[in-house]
Amino acid sequence: MELAVHPTDPAILHKAARDADNEAGNRPELDAELDDGDEAEGNIAGFAPISLKLTSGERGERLDKVLSKLVPQFSRSRIQQWIESGHVTVDGAAARGKTTVLGGEAVHIEPQAAPEDHAYQPEAIPLSIVHEDAAILILNKPDGLVVHPGAGNWSGTVLNGLLHHLPGIAGVPRAGIVHRLDKDTSGLMVVAKTLEAQTDLVRQLQARTVKREYLALVWGQPRAAGKVDAAIGRHPRERVKMAVSENATAKPAVTHYERLATGVLDDKLVSLVRCQLETGRTHQIRVHMQALGFSLVGDALYGKQHLTAYFPRQALHAYRLGLIHPVTGEDMAWQAPLPDDMAALLARANIAVPD
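Presented here is a report on the structure given in the accompanying data block. (Residues numbered from 1 in each chain as written. Predicted model: local features only at pLDDT ≥ 70, side-chain atom pairs only at ≥ 80, totals over all residues. Heavy atoms only, no water.)

## Observations concerning the packing of aromatic side chains
In step 1: Within this structure, the stated rule accounts for two aromatic pairs.
In step 2: Judged by centre distance (4.9 Å) and plane angle (75°), the rings of phenylalanine 74 and tryptophan 82 are edge-to-face.
In step 3: Taking the centre distance of 5.2 Å and the plane angle of 80° together, the rings of tryptophan 219 and tyrosine 310 count as edge-to-face. Of this pair, tryptophan 219 sits in strand 8 (residues 211–219) while tyrosine 310 is found in the loop between helix 7 (284–292) and strand 14 (316–324), placing the two residues 91 residues apart along the sequence.
In step 4: The class of tyrosine 310 is buried, set by a relative accessible area of 16%. (Phe/Tyr/Trp six-rings, centres within 6.5 Å; stacked < 30°, edge-to-face > 60°. Helix = DSSP H or I, 4+ residues; strand = E, 2+ residues; numbered from the N terminus. Buried < 20%, exposed > 50% of the residue type's maximum accessible area, 1.4 Å probe, protein only.)

If you want it as structure tokens, here you go:
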């Protein structure tokens, strides 16, 4: 039996390398937002065709199940994809996954790259750079731009743009990204250009010394100011959502908020709220404000479905970012004005755009 042996699928390689790095204690763990839904890195290019001769020992089993045992470096789902796309043949004919093995068949596999295998490639994506020096880069991300490759968005991300803008950043984990914004949230984020800067920024995030302030337009009128200290975990039923949770796996999350102004959208009360994060959990502001009863205008995931037509995205903008420069030790801060769509939304509600 002729069988090419390779270490494993890229997803497994990436996880093993990350686990080894964490166990060695070389670097602090990246911000929790990035740990949620990490995607595979790596490239399958260069895998040679695989030829197998099945035996009577496999008789009676499904072909895809047999192949997943004989070629364990590839996941069963990936092998099924290759079967469906015609890249697996049995005795010279296109295979079917549900085919029952008789024994003695000659199987030929042509490994194919999956979309995620090409996720970490440079792309000429325009980046709005607010500040750049030898150690860090501050971006003003527009809404609609995904930060990190993931399911359904394997290209066209901030990470791809960073690899094009700074080819050398490929040597820094996740191209220097230490925290991220949701696709439809606009505003400021910091990127580390060196491993040393990334390590320092991650430690600042863990120490809660990075100052991240957001502007959000919410339905209703929250009290003048408050603090939400409520752990966040995966929603127990809707897995694409997060929720305030007392589950042991939920992570601590703290949001401070202040109501800046109140207005009206079609006789419905809305409020402009400033939120400051102590932690950086996935969807934190959206989840915490919903838990208080004041979901964000336009939020199709956490908001009131009959009100989503008022704005095509969640009305959330990361407008202020402050940190200690990882090299000079200087306190630095940046501010990004509201994007035009949110400014127009405030105008509709008769709320003045804050300075």
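## Focus on the nonpolar core
In step 1: With 19 residues, the main nonpolar core has Leu139, Leu162 and Ile169 as its most contacted residues.
In step 2: Residue assignment for this core shows that the elements contributing at least two residues are strand 6 (136–141), helix 5 (158–165) and strand 7 (186–192).
In step 3: With four residues, the top contributor of residues to this core is helix 5.
In step 4: Leucine 162 has contacts with Leu127, Leu137, Leu139, Ile169, Ala175, Ile177 and Val191, leaving out every residue within four places of it along the chain. (Core = buried A, V, L, I, M, F, W, Y, C linked by side-chain atoms within 4.5 Å. Contact = heavy atoms within 4.5 Å.)

## Structural notes on the pattern of salt bridges
In step 1: Counted under the stated rule, the structure contains twelve salt bridges.
In step 2: For the salt bridge of aspartate 64 with arginine 62, the shortest nitrogen-to-oxygen distance reads 2.7 Å.
In step 3: The class for arginine 62 is partly exposed, based on a relative accessible area of 34%.
In step 4: The partner of arginine 313 in a salt bridge is aspartate 143, and the shortest N-O contact between them spans 3.6 Å. In this pair, arginine 313 is assigned in the loop between helix 7 and strand 14 and aspartate 143 in the loop between strand 6 and helix 5, connecting sequence segments 170 residues apart. (Salt bridge = Lys/Arg side-chain N within 4 Å of Asp/Glu carboxyl O.)

## Focus on the side chain of serine 186
In step 1: Locating serine 186 in the fold gives a position in strand 7.
In step 2: Its relative accessible area of 2% is what places serine 186 among the buried residues.
In step 3: For serine 186, the side chain forms a polar contact with the side chain of arginine 313, separated by 3.5 Å.
In step 4: Here histidine 317 takes part through its side chain, which lies 2.8 Å from a polar atom of the side chain of serine 186.
In step 5: Setting aside residues no more than four positions away along its own chain, serine 186 makes contact with Lys141, Pro142, Asp143, Leu181, Arg313, Leu316, His317, Ala318 and Pro339. (Polar contact = N/O pair within 3.5 Å; in protein donor to acceptor, adjacent residues only side chain to side chain.)

## What about helix 5?
Residues that lie three or four places apart on an α-helix share one face, since the helix turns once every 3.6 residues.
In step 1: The element helix 5 is extensively covered by neighbouring structure, given that six of its eight residues are classed as buried.
In step 2: Restricting attention to buried positions, one finds in helix 5 the residues Val158, Leu159, Asn160, Gly161, Leu162 and Leu163.
In step 3: On its buried side, helix 5 packs onto strand 6 and strand 7.

## Notes on the environment of leucine 159
In step 1: By the element assignment, leucine 159 lies in helix 5.
In step 2: Spatially, the C-alpha atoms of leucine 159 and glycine 176 are 8.5 Å apart, while their sequence positions differ by 17 residues.
In step 3: Discounting residues that sit within four places of it in the chain, leucine 159 has contacts with Tyr120, Val147, His148, Pro149, Arg174, Ala175 and Ile177.

## With respect to helix 8 (residues 340–348)
In step 1: Within the sequence span of helix 8, burial applies to Met342, Leu345 and Leu346. For helix 8, the angular spread of buried residues about the axis comes to 100°, placing them on one side. Residues Asp340 and Ala347 are exposed on helix 8 and point more than 90 degrees away from its buried face.
In step 2: On its buried face, helix 8 sits against strand 8, strand 12 (254–265), strand 13 (268–277) and strand 14.
In step 3: Asparagine 350 occupies a position one or two residues after helix 8 and carries a positive phi of about 60°. (Arc of directions from axis to C-beta.)

## Re the pairing of strand 15 (residues 331–335)
In step 1: On strand 15, burial follows the alternation: Met332 and Trp334 on one face are buried, whereas Asp331, Ala333 and Gln335 on the facing-out side are not.
In step 2: Between strand 14 and strand 15, which pair antiparallel one after the other, the connecting turn spans six residues, and glycine 329 there sits at a positive phi close to 80°. (Pairing = 2+ DSSP bridges.)

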